[in-house]
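Residue-level structural notes
Chain by chain, the residues run as shown.
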Amino acid sequence: MKKITATSLILLMISLFLQQTLSKEILGDAAERNVKQEKEQAHEVHCSRERSRAAWNIIEEYLMPFVERENYQISTKCRLHPDNDLFRNQEQHKIQVDTNDWKCGYCKKSFHAEKYLDQHFDSRHYNLLNVSEGKCLADLCGALHCDFVMNSKSPKTKCKPAAVAKNRHLCESLADTCFPPNQGRSASRLHELFLRQFCNAHTCSGKKKHFPEGRKVRFYLRTAVA
């Protein structure tokens, strides 16, 4: 009887051990699949965060002060509107504590550089991105002269008429959509300003003058949204 009891106990222990091992393997496989799915979903966003940030900085410095001076409300139909920036919500959830101290406004995790916080957003908070069609601000870089701002010290490249014409068309389209000249004096003035500030430099003839109306930095604190 003792032998039977001992044998049964051993079999029971082996059975429990196998069940626990199998459960761990299943949970491990599930966790691995979740991580893989997160990475795959994160890579589905085909929009440059760096160039989107450059475009937004240009808008902030070379356009918005004039818009605010006119007390003009940009329509959400305008691609320059904050709601039409794929990364705007995430950028607003960046907390810069010090030069080498950045914090995620969602989960409060700290990082030594902004680029690591960007990577954290891509892997952990990609589900909060506004991935609606037409939300990639980087697509407007051609019109807004992102390359000129980001690579101002690089050697000048040969002007390509086809590319210039495309960027000028995009630029003028932004002016028409964001500041319809038939929507009042403020809109008309901003329409003309936008053409001077951004569109007129899209040419291969003569000397280019980028942002002739000047640069006006808007000062604000990076804080997390409650």
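On to the overall build of the protein chain. Counting its regular elements, the protein chain contains nine helices and three strands. Mapped from its N terminus to its C terminus, the protein chain presents α and β elements in the order α-α-α-α-β-β-β-α-α-α-α-α. Looking at the 226 residues of the protein chain, the share that counts as buried comes to 34%. Long-range pairs, those at least 24 residues apart, make up 69% of the contacts in the protein chain between residues at least 6 apart in sequence. When the accessible surface of the protein chain is totalled, it reaches about 15,100 Å², and 53% of it is carbon and sulfur.

Turning next to the sheet that holds strand S3 (residues 110–111). The strand order across the open sheet built from three strands is S1-S2-S3, with neighbouring strands paired in antiparallel fashion. Edge positions in the sheet fall to strand S1 (94–98) and S3, since each has one partner strand and no second. Bridge count between strand S2 (residues 101–104) and S3: two bridges; the pairing is antiparallel. Looking across to S3, one finds that Lys103 is bridged to Ser110.

Cut-offs applied
Residues numbered from 1 in each chain as written. Predicted model: local features only at pLDDT ≥ 70, side-chain atom pairs only at ≥ 80, totals over all residues. Heavy atoms only, no water. Helix = DSSP H or I, 4+ residues; strand = E, 2+ residues; numbered from the N terminus. Buried < 20%, exposed > 50% of the residue type's maximum accessible area, 1.4 Å probe, protein only. Contact = heavy atoms within 4.5 Å. Areas by Shrake-Rupley, 256 points an atom, 1.4 Å probe, with all protein chains shown as cover. Pairing = 2+ DSSP bridges.

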